[in-house]
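Topology and contacts: notes
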Amino acid sequence: MPKINGNEIRPGNVLEHNGGLWAAVKVDHVKPGKGGAFAQVELRNLRNGSKLNERFRSADKVERVRLEQKDQQFLYETDGMLVFMDSETFEQIELPAEILGERRPFLQDGMTIHIEYHENEALSATLPQKVTCKIVETEPVVKGQTAANSFKPAILDNGIKVMVPPFVGQDEEIVVNTETMEYAERA
């Protein structure tokens, strides 16, 4: 694995530090009046989510890790485990449902998601940015209510509550942004 200098760390880099895998969340380059410059780096552990603030001088060497990224298709869920299939090798793997966190309800059968691996260990999973969902329950459409920035609550077929514009009715399909968990557009 390539070693990089402490001042070359950028947000999004994955580092091997103190025996763990850490993602750089925020990097500030500090040049104090006395002494050498350093990078103040906020790190997040990829395995357990804990955070750490660390200082790296430019002379410090740190291991940069390259993660292998694969697109895999969701097949089914069993006992809290999600079963995915590699689209190239057709190999099936099981991952804990917690890998998706609060975005788990947006996972649909047959959906292709992006999984990052480090030495055959799955570290993170990313859903497509936009997912189509059906509205199960919302207030009826009111004609003439076209005021800007007025939204009403709606419950989706996966149980998630989102705010939708007043012109969207029940049993309509909408597109939801999975990163912000907000209404994006009509399907």
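Residues numbered from 1 in each chain as written. Predicted model: local features only at pLDDT ≥ 70, side-chain atom pairs only at ≥ 80, totals over all residues. Heavy atoms only, no water.

Another point: the confidence of the model for the protein. Of the residues in the protein, 97% have a pLDDT of 70 or more, and the chain-wide mean is 88. Mean pLDDT per element in the protein: strand 11 (residues 121-126) is the minimum at 86, and strand 15 (residues 173-177) is the maximum at 93. (pLDDT = per-residue confidence, 0-100. Helix = DSSP H or I, 4+ residues; strand = E, 2+ residues; numbered from the N terminus.)

Of the pairings in the sheet, the one linking strand 7 (residues 68-78) to strand 10 (residues 112-118) comprises six bridges and is antiparallel in character. Bridge pairing in strand 10 places Asp 71 opposite His 114. Note that strand 10 and strand 11 share five bridges and pair antiparallel. Residue Tyr 117 lies in a different strand from strand 11, and its bridge partner there is Ala 122. Where strand 10 folds back onto strand 11 in an antiparallel hairpin, the turn is made up of two residues, including Glu 119, whose phi is positive at roughly 50°. (Pairing = 2+ DSSP bridges.)

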